Amino acid sequence: MAVEVSADQVRDAVKAYLGRFLDDMDGMEDVDLISGGLLDSLVAVQLIDFIQNRFGVTVDDEDLEIANFDSVNRVVAFVERKRGRA
Amino acid sequence: MSGPATGEPEHLAAFEALAADKLAPLAEDWERAGAVSREIVPLLAGAGLLGALVPTASGGTGWSHRDYGEANRVLGALSPSAQSLLTVHGMVTQALARWGSAPLRALLPRFAGGHAVAAFALSEADAGSDVRQLASTAEQVDGGWRLTGVKRWISFGQLADAFLVFARTAAGDAAFLVRRDDRGVTVSPEARTAGLRAARLAVLELDGCTVPGERLVGRPGFALTQIGGRALTYGRLWVAFGAVGLAESCHRATLERITTQSRFGQPLKDFQLVRGLVSDTELAVRSARLLARQAATASDTASQWLMDEVLAAKLAASRAATLAAGVCAQIHGAQGLVEDSPVQRRLADARVMEIIEGNTQLVQDLLADQTIARWRATSRGGVQ
Ligand SMILES: Cc1cc2nc3c(=O)[nH]c(=O)nc-3n(C[C@H](O)[C@H](O)[C@H](O)COP(=O)(O)OP(=O)(O)OC[C@H]3O[C@@H](n4cnc5c(N)ncnc54)[C@H](O)[C@@H]3O)c2cc1C
């Protein structure tokens, strides 16, 4: 369910989540994960599920733009936008 | 709603009755003839299965994944070829319900009612496991897209009215719904495979086939992940249930044989080495069934470990089918080697389960990622 969290909390949660699949997330906030080939395609699917379930936002088909999901900071911006805060 | 004794939902109990009374004799004919006939379509639609993965609000019957899985298991025991129709039609209708444009979603009641059959057209001659090698292209043209390429090994392509086709565009990988009656589409029978030989495989040739813009499913750049990757995750779950059904039918044939045949003055069931085969198979089948059910529940409850559960179920179930089919063939001696016999057919079907929806080695590789991720999540006390 959606819970109120700050942008920093979203960032930490996304980093912790991706840290399950990538060896080191330190300093990776702006690295292109999908276009850079760092995320396996199944993990990219799981990332979208995670965003929906954890932050209570819905990813619609028009949201399917690489720009929304390619890096930790882009995901944070996407979640903020979807939650109507940015 | 509950069935009489087991707490089983009524729609599932009704399908099991249909399977026993009607589908079982038909399945024998289909398997012998090497072709599932179109008469299966209204039967499955009438049972609610062709719209099972479509929400009721979109014209489907909205079954739980647990119930749909059980139906796949039941049909898989009768005919793995027929079961594969549930796999591909289910994958495509579910993808359309989730990502389709409004005009595409408006077609869902037709798919649910069995007025149209959907097939999944991802593989090509050189792009099977490695879908990044996709060579089919879609070029944006005035008002739509022009598709060119050859898709291979399409289960039920011979019967399908529509295909979910994956192709490259200038903006990345994309998925489209292509109709059999679109101009530039040619469907022809595929080389007959030894396993799933009744699954009506087809080759789909797209020769500058032009489709309107609304046929794009999702957005370019996301087809292989969000559309295809997700569809394959569910496809793996249905294959897992189908493989459990296949394994169960092999195991039953083994038990029938060893309890009715004697050699060297004693029933086969009393030989210690045979008893080892029986208990190993029992263990494999039983654990695969539990893993498949657990994975379906993970899906119904939107578990964060869905991928992990599905990969484990697919690996266990396809291997259980291989083991059970091999033991069944061994126990049948020369009888088990007769061409076209049910024992041989099951052996060939089991082989397919380790190839489709991710070959065994690829699934092992993906499962290792999930295993490490799950371990990291718990050992680091990471996000839950
Ligand atoms: C009966 C049947 C029905 C089918 N139905 C459909 C359908 O409806 N739609 C569709 O799009 N496709 C369908 N297919 C195609 C199927 O998805 C492919 O056959 C499958 O993806 C494997 O691809 P391939 O045959 O090109 O084998 P390859 O990719 O050439 O793989 C061959 C072998 O190489 C090894 N290998 C491959 N990748 C790896 C890896 N990453 N790690 C380690 N080893 C590896 C494995 O041992 C594998 O079995 C069907 C196939 C069959 C046989």
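Thresholds applied
- Residues numbered from 1 in each chain as written.
- Chains lettered and ligands numbered in written order.
- Predicted model: local features only at pLDDT ≥ 70, side-chain atom pairs only at ≥ 80, totals over all residues.
- Heavy atoms only, no water.
- Core = buried A, V, L, I, M, F, W, Y, C linked by side-chain atoms within 4.5 Å.
- Buried < 20%, exposed > 50% of the residue type's maximum accessible area, 1.4 Å probe, protein only.
- Helix = DSSP H or I, 4+ residues; strand = E, 2+ residues; numbered from the N terminus.
- Contact = heavy atoms within 4.5 Å.
- 1 Å grid on protein atoms, 1.4 Å probe; cavity = no way out; pocket = protein on both sides within 12 Å on 5 of 7 lines; lining within 4 Å.
- Points joined across faces, edges and corners; volume = space filled by probe spheres on them.
- Nonpolar A, V, L, I, M, F, W, Y, C, P; charged D, E, K, R; others polar.
- Domains from an automatic or database assignment.
- Near = heavy atom within 4 Å.
- Polar contact = N/O pair within 3.5 Å; in protein donor to acceptor, adjacent residues only side chain to side chain.
- Areas by Shrake-Rupley, 256 points an atom, 1.4 Å probe, with all protein chains shown as cover.
- Axes fitted to C-alpha atoms, helices over the stretch in contact; angles between N-to-C directions.
- Parallel < 35°, antiparallel > 145°, perpendicular 65-115°, else oblique.
- Left-handed = near helix turned anticlockwise from the far one by under 90°.
- Buried area = accessible area lost by both parts, 1.4 Å probe.
- Salt bridge = Lys/Arg side-chain N within 4 Å of Asp/Glu carboxyl O.
- Disulfide = S-S within 2.5 Å.

With respect to the nonpolar core
- With 86 residues, the main nonpolar core has Phe 15, Leu 23, Leu 44, Leu 49, Leu 147, Phe 176 and Val 178 of chain B as its most contacted residues.
- The element best represented in this core is helix α7 (residues 223–260) of chain B, accounting for 12 residues.
- Excluding anything up to four places from it in sequence, Leu 23 of chain B contacts Phe 15, Leu 18, Trp 30, Leu 43, Leu 44, Leu 75 and Leu 78 of chain B.
- Counting residues in hydrophobic clusters, the runner-up holds 59 residues, among them Val 76 of chain A together with Met 91, Leu 108 and Val 217 of chain B.

Regarding the layout of surface pockets
- Each pocket or cavity is described by its volume, and for the second largest pocket that value is around 800 Å³.
- Lining the second largest pocket are 33 residues, and of these Asp 49 of chain A together with Arg 230, Tyr 234, Ser 299 and Ala 302 of chain B sit closest to its centre.
- Residues that form the lining of the second largest pocket fall into these classes: 17 nonpolar, 11 polar and five charged.
- Among the domains, domain 1 (10–112) and domain 3 (224–379) of chain B are the pair contributing at least three residues each to the lining of the second largest pocket.

Some remarks on helix α4 (residues 72–82) of chain A
- Of the residues making up α4 of chain A, those classed as buried are Val 72, Val 75, Val 76, Phe 78, Val 79 and Glu 80 of chain A.
- Looking at the residues trailing α4 of chain A, positive phi occurs at Gly 84 of chain A, about 70°.

Observations concerning the environment of Val 75 of chain A
- Inspection of the secondary structure assignment puts Val 75 of chain A in helix α4.
- A relative accessible area of 1% places Val 75 of chain A in the buried class.

Remarks on the site of the ligand
Residues and elements named next belong to chain B.
- Surveying the vicinity of the ligand reveals 17 residues, the closest of which are Phe 120, Ser 123, Ser 129, Trp 153 and Gln 361.
- Here Leu 122 contributes a backbone N or O atom positioned 3.0 Å from an oxygen atom of the ligand.
- A distance of 2.8 Å is found between a nitrogen atom of the ligand and a side-chain nitrogen or oxygen belonging to Ser 155.
- Across the complex, the protein chains shield 65% of the 980 Å² of accessible surface that the ligand would expose by itself.
- Put simply, the parts of the chain that give the shell around the ligand at least two residues each are β3 (144–154) and α11 (360–379).
- Here the residues of the shell around the ligand sort into 11 nonpolar, six polar and no charged.

Thoughts on the packing of α7 of chain B against helix α9 (residues 306–331) of chain B
Residues and elements named next belong to chain B.
- At a minimum axis separation of 7 Å, α7 and α9 run at an interaxial angle of 25°. It follows from the interaxial angle that α7 and α9 lie roughly parallel. When the axes of α7 and α9 are compared, the crossing they make is left-handed.
- In terms of residue class, the contact of α7 with α9 is built from 24 nonpolar, four polar and three charged.

Thoughts on the domain arrangement of chain B
All names here are of chain B.
- Taken domain by domain, chain B consists of domain 1 (10–112), domain 2 (118–220) and domain 3 (224–379).
- In this structure, domain 1 and domain 2 have C-alpha centres spaced 21 Å apart.
- Counting residues at the interface gives 27 residues for domain 1 and 21 residues for domain 2.
- Taken together, both faces of the contact between domain 1 and domain 2 bury some 2000 Å²; the carbon and sulfur share is 69%.
- Taken as a group, Arg 38, Val 92 and Leu 104 account for 23% of the area that domain 1 buries against domain 2, more than any other trio of residues on that side.
- Here Asp 161 ties to Arg 38 by a salt bridge, and the two come within 3.9 Å at their closest N and O atoms.
- Looking at the side of domain 1 that touches domain 2, the elements that each hand over two or more residues are α1 (10–33), α4 (80–99) and α5 (102–105).
- A total of 12 residues in the side of domain 1 that touches domain 2 trace back to one element, the largest contributor, which is α4.
- Looking at the side of domain 1 that touches domain 2 residue by residue, the classes come out as 17 nonpolar, seven polar and three charged.

Considerations on the interface of chain A and chain B
- Between chain A and chain B, the contact holds 28 residues from the first and 27 residues from the second.
- Here chain A packs against chain B, burying approximately 2300 Å² in sum over the two surfaces, 56% of which is carbon and sulfur.
- In terms of surface lost to chain B, no three residues of chain A exceed Arg 20, Leu 42 and Leu 64 of chain A, which account for 33% of the buried area on that side.
- Notably, a salt bridge pairs Arg 219 of chain B with Asp 61 of chain A, separated by 3.7 Å at the nearest N-O pair.
- Put simply, chain A and chain B have eight residue pairs in polar contact (both at pLDDT 80 or more) between them.
- Going through the elements one at a time, α1 (7–18), α2 (41–55) and α3 (66–69) of chain A are the ones with two or more residues in the side of chain A that touches chain B.
- Looking at the side of chain A that touches chain B element by element, the count peaks at 11 residues for α2 of chain A.

Structural notes on the state of the cysteines
- Under the definition given, this model contains zero disulfides over all chains.
- In this model Cys 328 of chain B remains outside any disulfide bridge; the closest cysteine sulfur is found in Cys 250 of chain B, 5.3 Å from its own.

Here's the deal with the pattern of salt bridges
- Summed over all chains, the structure comprises 27 salt bridges over all chains.
- In this structure, the salt-bridge partner of Arg 376 of chain B is Asp 23 of chain A, at a minimum N-O distance of 2.7 Å. Here the residue Arg 376 of chain B occupies a position in helix α11, and Asp 23 of chain A occupies one in the loop between α1 and α2, the pair thus bridging two chains.
- Overall, the relative accessible area of 65% leaves Asp 23 of chain A in the exposed class.
- Across the salt bridge formed by Asp 60 of chain A and Lys 82 of chain A, the nearest N and O atoms sit 3.3 Å from each other. A residue pair is termed long-range when its members are at least 10 positions apart, and Asp 60 of chain A in the loop between α2 and α3 and Lys 82 of chain A in helix α4 qualify at 22 residues.
- The exposure class of Asp 60 of chain A is partly exposed, given its relative accessible area of 30%.

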